[in-house]
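Secondary and tertiary structure notes
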Amino acid sequence: MKTMTLFPKPLLLQRVLRSLLVRRVRSLLTLAGIIVGVAGVTAVVFTARNLADAQADVYDSASQADITFWVWDASPSLPRTLTNRPDVTAVELRWTDYVKANLGESRQTLHLIGLSNPAETTVNRLDLLAGRYPGPDQALLEISSRDLAPLEIGDSITYLDSAGRQRRLTISGLARSPALLSAQLTGLATAFVPARTVRDLLGVSGANQLLIRVADPRHSGEAARDIARSLDNQHLQHDEPQIRDPNNFPGKRELDALFRLLALFAALGLLLCGVLVGNTLSMLVAEEQNEIGTLKALGADRTYILQSYLLAALVYGFLGTPVGIALGALLGWRIMSFLGGLTSLSAPFALAPEGIAVGVAVGLGVTFSAGLVPAYHAAMLPVSEALQPHGLVSRYARTRLERVLQHMRRLPPLTAMSLRNLSRRRTRNGLTVLVIALAVATLLAAQTTEASVNGAIDEVFRTYRAQAWVFFRRPVSPDLKQSLQAIPGVGQAEPWTLTDAWVGHAPVRLWGLPADTTLYRPNLIAGRWYRPDEPRGAVVSADLAKRQGINRGQSIQVDLGEGRQTSLHVVGIAIDNTIFLGSQVQSKVFAPRRTVARLHGLQGQASLFALGLREGSPAAVQSILAQIEQRYAAWLPAGESAQAEVDAARKQSQTLGLALRSMVALVAIIGAIGLTNTLTIGVLERRREIGVLRALGATDRQIAQTFIVEGVALGLMGWVLGAVIGYGLGQGLVYTLGSVLFRIRYLFPPGVLLLSLAFALVIAVAASLGPAWAAARLPTIETLRYE
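What you see as residue numbers is a count from 1 along each chain, following the sequence as written. The model is predicted, so local features are restricted to residues of pLDDT at least 70 and side-chain atom pairs to those at 80 or more, both for listing and for counting; the totals for chains, interfaces and linings are taken over all residues. Note: side-chain values were computed over all heavy atoms of the structure, leaving out hydrogens and water.

1. Section: the overall build of the protein chain
- For the protein chain, the count of helices and strands is 24 helices and 20 strands.
- For the protein chain, buried positions account for 52% of its 787 residues.
- Whether two residues are in contact is decided by their heavy atoms, any of which lying within 4.5 Å being enough. Nonlocal contacts in the protein chain, meaning residues at least 24 apart in sequence, comprise 81% of its contacts between residues at least 6 apart.
- For the protein chain, the accessible area works out to roughly 34800 Å², and carbon and sulfur atoms hold 57% of it. Numbered from the N terminus, helices here are DSSP runs of H or I no shorter than four residues, and strands are runs of E no shorter than two. Summary of the burial criterion: residues with accessible area below 20% of their type's maximum are buried, those above 50% are exposed, and those between are partly exposed, where the area comes from a 1.4 Å probe applied to protein chains only. For every accessible area listed, the method is Shrake-Rupley and the probe measures 1.4 Å; residues are considered covered only by the protein chains on display.

Now the structure itself:
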């Protein structure tokens, strides 16, 4: 009854709020850490939810094609024929071609898409953003193409037609097509033009692209096979259909990897928030030790003390969580805008209820959990210990660390004193070192992850020794390689065959390569490459072998559809994680070219040649491809540089690197706040010592130096611990990325250690300046009146 009289519950919140207001600076720093942590988590959730909604909206409202055929000289009546099918909802024809064009001051490949009526497209819809639809000799520029060249409405694009004559297009407007990836990722500019413009280039009146929407995308495969048979009955030349997978849209793999990394870093930020809140409350308990003793002497029980500090933790949570959620929504909107620009998604940003729920859960849950230990410590503190003085007391040199520090006699006195102060509040300083260590570990993990991904990209493309490829829309003889090799600058030419297939339930890319190829160097991890006398030999990619349980020596059934099946004998397993040359799947099966061509119905024909060039500079590659396209124009060639694929992959890596650096910045802010918090409470606790030093003649600069040295020492200890944690954390991040993207070898460049050291020192010095300045500004009389 006595406890209830002296300590009524309504006054508990009042005491807690007064305590936090008295320590405004520390409370604000702690709130800032909570806000940053909650913002990181909610930003990830908001972005993921909105991106998923945007993708669904694109498929529903943008009318993306479910089936795409390359055709040759298709009649305008074809759409009417196909729309009579009950499983088809919309059909449109396109005219497409690739030309070398002058875009501003640069010469690049331009993808031209011819439309018969741009304003009324129903499949792969266009969104007109500015200007107007194109008329004769005009082009509607896809807006992300301006990232490759700073073009505006009214500017001109020049290119050479199939006869070598220069043509000019005037930009009439800007548009976005959700069916296209951003030019930042593909490195390819796109322009929509009247159909006649591309017809004149192709030299035919009919279309060469067929776009189809079906009623039920789950049955797209069946519809594509039926439509292919219908095209065969009409004697219309066509290629294998490309079937859209709503669950595996272009860029999804990279986005999944990005979100996993963001989620991991957000979790790390929350851990740092928890440590920061725990550290703050531990400081509060230490500072109020005498007050706790007095309260207990007056009759306050353990429950009252426990509740007061848990309530303090919840106050931090209640104040920081709403601001963190709001900031997270803003960050999510900015991230969504950036990713939407890369993937051509333009759905409006909306607050996701699950994001708000997660923000509230982590904001309150983390702060409450972090307050349990200091609150329990305060509740269990004996009255006799709590009432002991804690200021200038002679309790030094009791531990081994303190005795070691005491023997540092060669250091300047104030520097030695700063280092000895590290052992005075070992728990608090240990938590601060942990916060800095986690920040350093985050930087190391981000840097090594980015280096590992870039190294994997370089390693992947070193597998392909071809500097360019040439596609022929009209099949040619494999013997054309001799003619190609006669072109100046071409060292080697090999006919290859590519097609889509299935192994079991897994979609694969079937590669037909010569057994004696010199333009592909397999990275074998088991077995060997097939020999010329093995027409049924095959090498499978490691990801396919793992997913399907395929071992060397087994036979696999490869299915191209429409009864085209064959059995291949696996003689080797290789690592090849590329997704390019028109493919959307990573898994691969390599087999002799003649076997694949016969299975594909292209006996004695070839449509793709890999080129080994004597000079690999971009200018030399483009010059040779231009010669080939001009010399063999009758077979409609299209050249592609291998470097363009490398550049596109690196641009995707840059997006990943940007996300990593953003999360490092957030974690660094929390680390700096934690260190500032520790040094600030150190100034408050040692005000009498500062007064004594001033009385002995210490200058402002020397007082400030004491705390800066202490901060730098904490930063160095955090760097050492962070280097150890960062090595393991980096391996974990690379493994996580590898499980989503492809196998990545972990790289740890030595230079990142120096970078992390500089990072730790910058955090330490920056966080020390405020407390050091505050200590230097304390008047001597005020410090000696303390306590």
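2. Remarks on the pairing of strand S15 (residues 537-541)
- Within S15, 5 of the 5 residues are buried, which leaves the element mostly enclosed by the surrounding structure.
- In S15, alternate side chains face the same way, and those of Gly-537, Val-539 and Ser-541 on one face and Ala-538 and Val-540 on the other are all buried.
- With 5 bridges connecting them, S15 and strand S17 (residues 565-574) associate as parallel partners. By the bridge assignment, Ala-538 is partnered in S17 with Val-570.
- For two strands to be treated as a pair, DSSP must find no fewer than two bridges joining them. Direction of pairing for S15 relative to strand S18 (residues 588-592): antiparallel, over a ladder of 2 bridges. Bridge assignment links Val-539 to a residue of S18, and that residue is Phe-590.

3. Thoughts on a nonpolar patch on the surface
- Residues with no salt bridge and a relative accessible area higher than 30% make up the patches, which join like charges within 9 Å and nonpolar side chains (Val, Leu, Ile, Met, Phe, Trp, Tyr) within 5 Å. Salt bridges are defined as contacts in which a side-chain nitrogen from Lys or Arg sits within 4 Å of a carboxyl oxygen from Asp or Glu. A cluster of nonpolar residues, Leu-327, Leu-330, Leu-331 and Trp-333, forms a patch on the protein surface that exposes about 340 Å² of accessible area.
- Relative to the helices and strands, Trp-333 resides in helix H10 (residues 302-343).

4. Here we look at the pairing of S18
- The element S18 is extensively covered by neighbouring structure, given that 5 of its 5 residues are classed as buried.
- Relative to S18, strand S13 (residues 506-513) is paired through 5 bridges, and the arrangement is parallel. Within S18, the residue paired with Arg-509 across the bridge is Lys-588.

5. Some remarks on the packing of aromatic side chains
- Under the pairing criterion, centres of Phe, Tyr and Trp rings, with the six-membered ring standing for Trp, must be within 6.5 Å; the plane angle then separates stacked pairs below 30 degrees from edge-to-face pairs above 60, leaving the rest tilted. All told, the structure shown has 16 aromatic pairs when counted by the stated rule.
- Geometrically, the ring pair formed by Trp-70 and Trp-72 is stacked, given 6.2 Å between the ring centres and 20° between the ring planes. For the pair shown, Trp-70 and Trp-72 are each scored as buried.
- Relative to Tyr-530, the ring of Trp-529 lies with its centre 4.5 Å away and its plane at 25°, an arrangement referred to as stacked. Per residue, the accessibility class of Trp-529 equals that of Tyr-530, and both read buried.
- Three or more aromatic residues link up through ring pairs in this structure, and these residues are Tyr-464, Trp-469, Trp-496, Trp-511, Tyr-520, Trp-529, Tyr-530 and Phe-590.
- Criterion for a charge above a ring: Arg CZ or Lys NZ at most 6 Å from the ring centre, at most 35 degrees from the ring normal. When the ring centre of Trp-95 is taken as reference, the NZ or CZ atom of Arg-199 above it lies at 5.6 Å.

6. Topic: the nonpolar core
- Counting residues in each nonpolar core, the largest one holds 47 residues, and the members touching the most others are Phe-69, Leu-112, Ile-157, Leu-210 and Ile-212.
- Sorting elements by how many residues they give to this core places strand S2 (residues 88-103) first, with 7 residues.
- In this structure Ile-157 touches Ala-101, Asn-102, Leu-103, Leu-110, Leu-141, Leu-151, Arg-167, Arg-168, Leu-169 and Ile-171, once residues within four positions along its chain are discounted.
- What is meant by a nonpolar core is a set of buried Ala, Val, Leu, Ile, Met, Phe, Trp, Tyr and Cys residues, joined one to another through side-chain atoms within 4.5 Å. Ranked by size, the runner-up nonpolar core spans 26 residues in total, among them Leu-31, Leu-281, Leu-284 and Ala-352.

7. Re the pattern of salt bridges
- Counted according to the given criterion, the structure contains 13 salt bridges.
- Where Glu-152 meets Arg-146, a salt bridge forms, and the shortest distance between an N and an O atom there is 3.0 Å.
- Three or more residues are tied together by salt bridges with common partners; here these are Arg-85, Asp-87, Asp-226 and Arg-229.

8. Some words on the side chain of Thr-463
- In this structure, Thr-463 sits in the loop between helix H15 (426-462) and strand S11 (468-476).
- Dropping the residues within four chain positions of it, Thr-463 is found in contact with Leu-519, Tyr-520, Arg-521 and Pro-522.

9. Points about helix H6 (residues 195-202)
- Among all positions of H6, only Ala-195, Thr-197, Val-198, Leu-201 and Leu-202 are buried. Across the axial projection of H6, the buried residues extend over an arc of 160°, all falling on one side. Residues Arg-196 and Asp-200 are exposed on H6 and point more than 90 degrees away from its buried face.
- With its phi angle positive at about 80°, Gly-203 sits one or two positions after the end of H6. Arc, as used here, means the arc of the directions from the helix axis to the C-beta atoms.

10. Comments concerning unusual backbone geometry
- Notably, Asn-124 is not glycine yet its phi reads approximately 50°, a positive angle.
- Mapped onto the fold, Asn-124 is located in the loop between strand S3 (106-115) and strand S4 (127-131).
- The exposure class assigned to Asn-124 is buried, which follows from its relative accessible area of 18%.
- One non-glycine residue, His-235, adopts positive backbone phi at about 55°.
- In this fold, His-235 is placed in the loop between helix H7 (220-233) and strand S10 (242-243).
- Taking the relative accessible area as the measure of exposure, His-235 reaches 75% and is therefore exposed.

11. Side note on the environment of Thr-497
- Along the chain, the position of Thr-497 falls in strand S12 (residues 490-503).
- Considered as a pair, Thr-497 and Leu-513 are 16 residues apart in the sequence and their alpha carbons are 6.8 Å apart.
- Setting aside its immediate chain neighbours within four residues, Thr-497 contacts Leu-510, Trp-511, Gly-512, Arg-593, Val-596, Ala-597 and His-600.

12. As for the confidence of the model for the protein chain
- Every residue carries a pLDDT, the predictor's confidence in it, which falls somewhere between 0 and 100. For the protein chain, the average pLDDT comes to 79, and 79% of its residues sit at 70 or higher.
- Counted against residues more than four places away or in other chains, residues 1-5, with its pLDDT under 50, gives 4 contacts.

13. Re the environment of Ser-477
- In this structure, Ser-477 sits in the loop between S11 and helix H16 (480-485).
- In this structure, the C-alpha to C-alpha distance between Ser-477 and Gln-605, residues 128 residues apart in sequence, is 4.8 Å.
- The contact partners of Ser-477, leaving out residues within four places of it in the chain, are Gly-604 and Phe-609.

14. A few points about the side chain of Thr-68
- On the secondary structure map, Thr-68 appears in strand S1 (residues 67-74).
- Once you skip the residues sitting within four places of it in the chain, Thr-68 turns out to touch Gln-209, Leu-210, Leu-211, Glu-240, Pro-241 and Gln-242.

15. Quick notes on the environment of Trp-95
- Inspection of the secondary structure assignment puts Trp-95 in strand S2.
- Between the C-alpha atom of Trp-95 and that of Val-198, which follows or precedes it by 103 residues, the distance is 5.9 Å.
- Every residue in contact with Trp-95, bar those within four places of it in the chain, is listed here: Leu-112, Ile-113, Gly-114, Ser-116, Ala-195, Val-198, Arg-199, Ser-205, Gly-206, Ala-207 and Asn-208.

16. A short note on helix H9 (residues 289-297)
- Inspection of H9 places Gln-289, Ile-292, Gly-293, Leu-295 and Lys-296 among the buried residues, and these make up the whole buried set. Angular distribution of buried residues about the axis of H9 spans 160°; they occupy a single face of the element.
- After H9 finishes, the residue Gly-299 shows a positive phi value of roughly 115°.

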